[in-house]
Amino acid sequence: MAKKISISFKETSKDIALYNAIMNLDDKSHDIKQILYPILVEGSKTIIGLNKPNTDETNTVKIDLGVLDI
């Protein structure tokens, strides 16, 4: 059985633009996974601290994924 996620979009201009872009994709599942995998999975080395990203005084990792900037 396939695993599914649900995404909600607010009525903001950025969310509407993102929703429209996703709805215009031919193969939504494949295209979204191709975009997110390198950011969220391959980039997880930075997220879990294997690479030394910028940290604040409490050693909390700061990550700016910039998904909408792709």
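Below, the structure is looked at part by part. (Residues numbered from 1 in each chain as written. Predicted model: local features only at pLDDT ≥ 70, side-chain atom pairs only at ≥ 80, totals over all residues. Heavy atoms only, no water.)

All right, on to the layout of surface pockets then. Here the idea is plain: a probe the size of a water molecule rolls over the atoms and shows the empty space left. Its volume calculated, the largest pocket comes out at about 410 Å³. Surrounding the largest pocket, 14 residues form its lining, Lys4, Ile5, Ile7, Ser29 and Ile32 being those nearest its centre. When residues of the lining of the largest pocket are traced back to their parent elements, those giving at least two are α1 (13–23) and α2 (28–42). By residue number, the principal contributor to the lining of the largest pocket is α2, which donates five residues. Here the lining of the largest pocket is built from residues that sort into eight nonpolar, two polar and four charged. (1 Å grid on protein atoms, 1.4 Å probe; cavity = no way out; pocket = protein on both sides within 12 Å on 5 of 7 lines; lining within 4 Å. Points joined across faces, edges and corners; volume = space filled by probe spheres on them. Helix = DSSP H or I, 4+ residues; strand = E, 2+ residues; numbered from the N terminus. Nonpolar A, V, L, I, M, F, W, Y, C, P; charged D, E, K, R; others polar.)

This paragraph deals with a nonpolar patch on the surface. Taken together, the side chains of Tyr37, Leu40 and Val41 present a nonpolar region at the surface, about 260 Å² in accessible area. For Val41, the position within the fold is in helix α2. Accessibility expressed as a relative area gives 38% for Val41, which makes it partly exposed. (Patch = residues over 30% accessible without salt bridge, like charges linked within 9 Å, V, L, I, M, F, W, Y side chains within 5 Å. Areas by Shrake-Rupley, 256 points an atom, 1.4 Å probe, with all protein chains shown as cover. Salt bridge = Lys/Arg side-chain N within 4 Å of Asp/Glu carboxyl O. Buried < 20%, exposed > 50% of the residue type's maximum accessible area, 1.4 Å probe, protein only.)

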